[in-house]
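# Descriptive analysis of the structure
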Amino acid sequence: MTSIDSPPTIPLDPELAAMAPVLLERFAAIQNADLAETRVLMEQFRVERSADLDTSGVEIEELTAPGPAGDPDIALTVVRPRKRAAGAPGIYSIHGGGMIIGSRLDSVPELVQFATEHGVVGVSVEYRLAPEHPDPAPVEDSYAGLVWTAAHAADLGIDPERLIVMGASAGGGIAAGVTLLARDRGGPHLAGSVLICPMIDDRDATLSTRQHEQAVVWDRTANRGGWDALLGDRRGGPDVSIYAAPARATDLSGLPPTFLDTGSAEVFRDEVVEYASKIWAAGGRAELHVWAGGFHGFDGLAAPAAISTAAREAREAWIRRTLGL
């Protein structure tokens, strides 16, 4: 029998398993680098993946919004369809990167797709990264950018009643925190929240964390490191806010409709499932997908796989329904 302290690993989807060795090789240098080198390597990876991006159908604008009180201004990238009508739906996007890497430009390819195919106006926020800027900088920056976006919705061409927040991984965790802040601070109004494999629990206590001491992309050690960078010695202790680690929230009432997805073979599985369950327990609307054999970020990193296509299609269908597209 398998001990509860060393639970069995989850088998990967066959197509993902075939692609995993290439990803492991690609990320080996990144995982062995220091933080400064990791940021450079990930930026190179982003540039490579965006090299063939067709932006002919969109306009991309760089704007600046006020940051939280007493903090620096925030950079925003706005992606608009060239052919658009006033009052378009809006997506406010928060990039991933374990709280320590990445930039707002990581979100641009997906926002270009939504702008080109569905006439959506996308806004991507540049939040300050840990450990140089620990909690609450990332979530407060992101919230400040959302407040500005909603206040300037007409100028941006966005219908403020059709604005959703979206994020993946660390960005998904921040998106959950921003949604809670919007609820607790009385706005802005959100039509929905899209949490893609979100990083929402600093406590390192679920079964899925123990199952993923090693993983294709983001394992238990990496997860602890990301939370350490954000929270320092507060990680796992009593003094962590629900906006930094939304899985700690006991009351998830009053949230907008929420989409959540995760892979069964990743650290975040159990915290995401529990978060959806808390929304249902509070009488809220949540759609949850747990993709069998999916590792962290599989739908983007192993895009050709059938399971990746299915995950993207399910998410896009929810967004279309929520925004009335």
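Sequence order as written defines the numbering, with residues in each chain counted from 1. Per-residue local features of the predicted model are confined to residues with pLDDT of at least 70, and side-chain atom pairs are confined, for both listing and counting, to 80 or more; whole-chain, interface and lining totals are unaffected and use all residues. Heavy atoms from the whole structure form the basis of all side-chain values; hydrogens and water molecules are not counted.

## As for empty space enclosed by the protein
One simple way to see leftover space: roll a probe sized like a water molecule over the atoms. Defined as follows: The distinction between a cavity and a pocket rests on a 1 Å grid over the protein atoms alone: a 1.4 Å probe fits inside a cavity but cannot get out, while a pocket stays open yet meets protein on both sides within 12 Å along at least five of seven lines, and a residue with an atom within 4 Å of a point counts as lining. Grid points are joined across faces, edges and corners, and a volume is the space filled by probe spheres set on the points. Here a strand is any run of E in DSSP of at least two residues, a helix any run of H or I of at least four, and the numbering for each starts at the N terminus. Following the grouping adopted for this structure description, the nonpolar residues are Ala, Val, Leu, Ile, Met, Phe, Trp, Tyr, Cys and Pro, the charged ones are Asp, Glu, Lys and Arg, and the polar ones are all others, Gly among them.
For the structure shown, the criterion picks out three cavities of 30 Å³ or more. Estimates place the volume of the largest cavity at around 50 Å³. Sorting the residues of the lining of the largest cavity by element identifies α4 (137–151) and α6 (170–184) as the ones contributing at least two each. Residues that form the lining of the largest cavity fall into these classes: seven nonpolar, one polar and one charged.

## Concerning the side chain of Ser169
Condition: The classification of residues rests on relative accessible area computed with a 1.4 Å probe and restricted to protein chains. Under 20% of the type maximum is buried, over 50% is exposed, and intermediate values are partly exposed. Note on definitions: a residue-residue contact is assigned when non-hydrogen atoms from the two residues lie within 4.5 Å.
Mapped onto the fold, Ser169 is located in the loop between β5 (158–168) and α6. Looking at Ser169, the relative accessible area reads 10%, which means it is buried. In this view, Ser169 contacts Gly96, Ile196, Cys197, Pro198, Met199, Phe268 and His296; residues no more than four positions away in its chain are not counted.

## Examining the pairing of β5
Here is the rule we go by: Should DSSP find at least two bridges between two strands, the strands are taken to pair.
Bridging between strand β3 (residues 88–94) and β5 involves six bridges; their strand directions are parallel. For Ala88, the partnering residue across the bridge sits in β5 and is Ile158. Note: β5 against strand β6 (residues 192–196), five bridges, orientation parallel. Bridge pairing links Val165 to Ser193 in β6.

## A few points about the layout of surface pockets
Each pocket or cavity is described by its volume, and for the second largest pocket that value is around 160 Å³. As for the second largest pocket, its lining consists of 13 residues, and the residues nearest its centre are Thr9, Gln211, His212, Gln214 and Ala215.

## Considerations on the packing of α4 against α6
What counts is decided by this rule: Lines fitted to the C-alpha atoms define the axes, with helices restricted to the stretch that makes contact. Angles between their N-to-C directions range from 0 to 180 degrees. Orientation categories follow fixed angle ranges, with anything under 35 degrees roughly parallel, anything over 145 roughly antiparallel, 65 to 115 roughly perpendicular, and all other angles oblique. Put simply, a crossing is left-handed when the front helix is turned counterclockwise from the back one by less than a right angle, and right-handed when it is turned clockwise.
At a closest axis distance of 9 Å, the pairing of α4 and α6 adopts a crossing angle of 60°. One way to sum up the angle between α4 and α6 is to call them oblique. The crossing of α4 and α6 is right-handed. Residues Pro138, Val139, Ser142, Tyr143 and Leu146 of α4 form the contact with α6, whose own contacting residues are Ile174, Gly177, Val178, Leu181 and Ala182. Of the residues in the contact of α4 with α6, the class split is eight nonpolar, two polar and no charged.

## Things to note about the pairing of β3
For the record, the criterion: We call a crossover right-handed when, viewed with the strands running away from us, the connection from the first strand over the helix to the second turns clockwise.
Among the seven residues that make up β3, seven are buried, leaving the element largely enclosed by the rest of the structure. Summarising the sheet, β3 and strand β4 (residues 121–125) pair through five bridges and their orientation is parallel. Bridge pairing in β4 links Ile94 to Val125. Note that the unit made of β3, helix α3 (residues 108–118) and β4 has a crossover that is right-handed.

## Thoughts on the packing of aromatic side chains
We apply this condition: Only Phe, Tyr and Trp rings take part, Trp by its six-membered ring, and two of them pair if their centres are within 6.5 Å. Stacked means planes under 30 degrees apart, edge-to-face means over 60, and tilted covers everything else.
Summed over the entire model, instances satisfying the criterion amount to one aromatic pair. Ring geometry for Phe259 and Trp318: centres 5.8 Å apart, planes at 50°, overall tilted. In this pair, Phe259 is assigned in strand β7 (residues 258–263) and Trp318 in helix α11 (residues 306–323), connecting sequence segments 59 residues apart.

## With respect to the sheet that holds β5
With mixed pairing, eight strands are arranged side by side in an open sheet as β1-β2-β4-β3-β5-β6-β7-β8. Looking at which strands have only one partner, the edges of the open sheet turn out to be β1 (58–65) and β8 (286–291). On average, each strand axis in the sheet is inclined to that of its neighbour by 15°, with strand direction left out of account. In this sheet, strand β2 (residues 74–81) lies alongside β1 in antiparallel orientation, the contact comprising eight bridges. Paired with Leu63 across the bridge in β2 is Leu76.

## A closer look at the pattern of salt bridges
As a reminder, the rule being used: Note on definitions: salt bridges are taken to be side-chain nitrogens of Lys or Arg within 4 Å of carboxyl oxygens of Asp or Glu.
Scanning all chains against the criterion turns up 22 salt bridges. Of the charged contacts in the structure, one is a salt bridge between Arg39 and Glu132, with a shortest N-O distance of 2.7 Å. Here Arg39 is found in helix α2 (residues 35–49), whereas its partner Glu132 is found in the loop between β4 and α4, with 93 residues between them in sequence. Of the residues examined, Glu132 reaches a relative accessible area of 47% and is grouped as partly exposed.

## Remarks on the packing of α3 against α11
At their nearest, the axes of α3 and α11 sit 13 Å apart, and the two run at 55° to each other. Put simply, α3 runs oblique to α11. Note that α3 runs across α11; the crossing there is right-handed. Every residue of α11 that contacts α3 at Glu110, Gln113, Phe114, Glu117 and His118 is listed here: Arg315, Glu316, Ile319 and Arg320. Residue classes in the contact of α3 with α11 are distributed as two nonpolar, two polar and five charged.

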